[in-house]
Amino acid sequence: MADRSFLSWPFFEDRHRELAEGLDAWCAAHLHVDHSDTDAACRSLVAMLGQGGWLRHSGAGEGETLDVRSLCLIRETLARHDGLADFAFAMQGLGMGAVSLFGTPDQRKWLDKTRAGKAISAFALTEPGSGSDVARTATTATRDGDGFVLNGEKTYISNGGIADLYVVFARTGEAPGAKGLSAFLLPADTPGLEIVERIEVVAPHPLAHLRFNDIRLPASAMIGQPGRGFQVAMSVLDVFRSTVGAAALGFARRALDEALARVKERQLFGAPLHELQMVQGHIADMALDVDASALLVYRAAWTKDMGAPRVSREAAMAKLNATEAAQRVIDTALQLHGGDGVRKGFIVESLYREIRALRIYEGATDVQKVVIARAALDA
C-alpha cells in the first residue's frame, strides 16, 4: 500500500484528498486493460477515464481554470497503477491545454468531447530538426486569402495516428525565431495530414511522425493571437510540466512499494533481506527521494493554483528532481529484485522502461537545469 500521509500536507484541500482516494479505488477496480494492442488499449483507457468522470479535470471550459494539484494527483495515482492509463489521461490534458487556456468558444466545443473521452487529442510541437529548440520550428502556416496553408513535419507526437485532433505549432512569420510562431487546431480528418511512420519505443505508447501536405486551414483554426504560439506552448508546458514530475512520482512510489514487499518476503543468508543494513540504506534513499519529489511537485502545483502567472522555475525543479529521482528509485528496486527485476511480467521491469522517456519529454533534464540556473542568476 503506497504511503498516503502526504495528502494531509497543507498543499491540499479536502476536495483533493477525496479526489485522490476516489481515483485510487477506481483504479483498483477498473485498470485491468489488456496492453497487447497499444492503440486499442489507449482508446479503451480514454473512454473509461471519460466515463468515470476523471477526464473532466484534464481541461477547463469557459469560466473554469485548470487545477494543477488535481492534475498532479490524478497523474501520480494513475502512474502508480498503470503507466498507459497515465499516458492516456496526460495527453488529453496536454493536447487540449492550448484550447483550455486560449481557445475560442467554438474551439472549446472540442473540450466537451475530449473531457468525455469521446475524442483523443495530441500536442504537435517537436520536429525532426527542433526538439528542445522550439525557436527552430520549420513547419509553416502561410497566409492564403482568409485562411492558412500548413506544410511541414512533426515527430515523436504522442497519440499520433490515433488522435482525432492535433494542436500544431507552425511558423507564421510575424518575427524571426520564437516570436514568429502560431498555434492551430487541426482535426485529424483534414485532407493533407499524413502519418509517415508509427514510432516504437521501449515503453509502448502510440507515437508518430506526421507530415502536413498543403493543408488548408480556416483563420478560425488559430488558437490565440498570431505570432504568439511560443507563449501559448510555454504557458501549456508551465501547467503540465509539474504533472510529468507527478507521473514520475507515481512510478517511484510503486517501485518503492514493490521493493518493500520484496525485501520483507525474500530470505538471504538465513534471514529476511530487509535485515541487511545495506538494504536498509537503499530503502532509506528511496523513501527520501520519493518524499523530496512529492514536496517539489506539490509546491509547484500549489504555487500555480494560488495564482502565480508563471512557475517555470518551480515546475522545472519539480520535473527534473522527480524524474531523475524516480530513475534511481526504480533502478534500486530492480536491483533488489535480482534476476526477477529484468523479467518481463514483473512490475519493476515495466517501470524501468516507463520512466526513461520522462527525463526527455516536455523539456529534457539538461533544459530544466538551464531554466533553473537562469532563474537563479536573474534573482
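Structure: above.
So, how was this worked out
Residues numbered from 1 in each chain as written. Predicted model: local features only at pLDDT ≥ 70, side-chain atom pairs only at ≥ 80, totals over all residues. Heavy atoms only, no water. Helix = DSSP H or I, 4+ residues; strand = E, 2+ residues; numbered from the N terminus. Rg over C-alpha atoms; globule rule 2.2 N^0.38 Å. Buried < 20%, exposed > 50% of the residue type's maximum accessible area, 1.4 Å probe, protein only. Phe/Tyr/Trp six-rings, centres within 6.5 Å; stacked < 30°, edge-to-face > 60°. Lys NZ or Arg CZ within 6 Å of the ring centre and 35° of its normal. Salt bridge = Lys/Arg side-chain N within 4 Å of Asp/Glu carboxyl O. Axes fitted to C-alpha atoms, helices over the stretch in contact; angles between N-to-C directions. Parallel < 35°, antiparallel > 145°, perpendicular 65-115°, else oblique. Contact = heavy atoms within 4.5 Å. Nonpolar A, V, L, I, M, F, W, Y, C, P; charged D, E, K, R; others polar. Pairing = 2+ DSSP bridges. Patch = residues over 30% accessible without salt bridge, like charges linked within 9 Å, V, L, I, M, F, W, Y side chains within 5 Å. Areas by Shrake-Rupley, 256 points an atom, 1.4 Å probe, with all protein chains shown as cover. Core = buried A, V, L, I, M, F, W, Y, C linked by side-chain atoms within 4.5 Å.

A. Representation of the overall build of the chain within the structure. Counting its regular elements, the chain contains 11 helices and 10 strands. Taken over C-alpha atoms, the radius of gyration comes to 21 Å for the chain, in line with the 21 Å a tight globule of 379 residues would show. When the backbone C-alpha atoms are referred to their principal axes, the chain occupies close to 80 × 50 × 40 Å. Buried residues in the chain amount to 56% of all 379 residues.

B. Spotlight on the packing of aromatic side chains. Scanning the model with the defined rule gives nine aromatic pairs in all. Centre to centre, the rings of tryptophan 9 and phenylalanine 11 are 6.3 Å apart; their planes meet at 75°, and the pair counts as edge-to-face. Taken together, the aromatic side chains of Phe6, Trp9, Phe11, Phe12, Tyr298 and Trp302 make up a single cluster linked through ring pairs. We note lysine 113 situated over the ring of tryptophan 110; from NZ or CZ to the ring centre the distance is 4.7 Å. Between arginine 253 and the ring centre of phenylalanine 6, over which it is positioned, the NZ or CZ distance is 4.2 Å.

C. The arrangement of the pattern of salt bridges in detail. According to the stated counting rule, one finds 26 salt bridges in the structure shown. Between arginine 80 and aspartate 24 there is a salt bridge, and its shortest N-O distance comes to 2.9 Å. Of the two residues, arginine 80 sits in helix α3 (residues 68–81) while aspartate 24 sits in helix α1 (residues 14–30), which places them 56 residues apart along the sequence. Here arginine 80 matches aspartate 24 in class, with each residue buried. Arginine 353 is the partner of glutamate 349 in a salt bridge, and the nearest nitrogen-oxygen pair spans 2.6 Å. Here glutamate 349 and its partner arginine 353 are both found in helix α10 (residues 347–356), four residues apart, which amounts to about one turn of the helix. Ionic contacts of the salt-bridge type, sharing partners, join the residues Glu13, Arg15, Asp67, Arg69 and Asp305 into one network.

D. Layout of the packing of α3 against helix α4 (residues 83–95). Running from amino to carboxyl end, α3 crosses α4 at an angle of 150°, the nearest separation of the two axes being 6 Å. Comparing the axis directions of α3 and α4 gives the class roughly antiparallel. Listed contacts from α4 to Leu71, Ile74, Arg75, Leu78, Ala79 and His81 of α3 are Gly83, Ala85, Asp86, Phe89 and Ala90. Tallied by class, residues from the contact of α3 with α4 come to seven nonpolar, two polar and two charged.

E. Layout of the pairing of strand β2 (residues 140–144). Where β2 meets strand β3 (residues 147–158), five bridges bridge the pair, whose relative direction is antiparallel. By the bridge assignment, aspartate 144 is partnered in β3 with glycine 147. What sits between the antiparallel neighbours β2 and β3 is a turn of two residues, in which glycine 145 has the positive phi angle 65°.

F. Broad picture of a nonpolar patch on the surface. Together, Leu268, Phe269 and Leu276 give the surface a local cluster of nonpolar side chains, amounting to about 320 Å² of exposed area. Along the polypeptide, leucine 276 turns up in the loop between β10 (271–272) and α8 (277–305). Taking relative accessible area as the criterion, leucine 276 reaches 34% and is therefore assigned partly exposed.

G. Region of the structure containing the nonpolar core. In this structure, Leu78, Leu150, Tyr166, Leu186 and Tyr298 are the most contacted members of the largest nonpolar core, which totals 112 residues. Residue contributions to this core peak at 18 residues, all from helix α7 (residues 229–265). If we ignore the near neighbours within four places in the chain, the residues touching tyrosine 166 are Ala122, Ile157, Asn159, Gly160, Gly161, Phe184, Leu185, Leu186, Ala188, Leu193, Ile195 and Leu210.

H. Looking closely at the environment of glycine 52. Tracing the backbone shows glycine 52 in the loop between α2 (38–51) and α3. When the C-alpha positions of glycine 52 and leucine 66 are compared, they lie 19 Å apart, and in sequence the two are 14 residues distant.

I. The arrangement of the pairing of strand β7 (residues 207–218) in detail. Summarising the sheet, β3 and β7 pair through nine bridges and their orientation is antiparallel. Note that in β7 the partner of glycine 147 across the bridge is proline 218.

J. Main features of unusual backbone geometry. Phi angles above zero are rare outside glycine, and asparagine 159 is one such case at about 70°. The phi angle at aspartate 214 is positive, at roughly 50°, despite the residue not being glycine. As for its position among the elements, aspartate 214 is in strand β7.

K. Highlighting the side chain of threonine 303. Within the fold, threonine 303 resides in helix α8. When near neighbours in sequence (up to four residues on either side) are disregarded, threonine 303 contacts Ala308, Val311 and Glu314.

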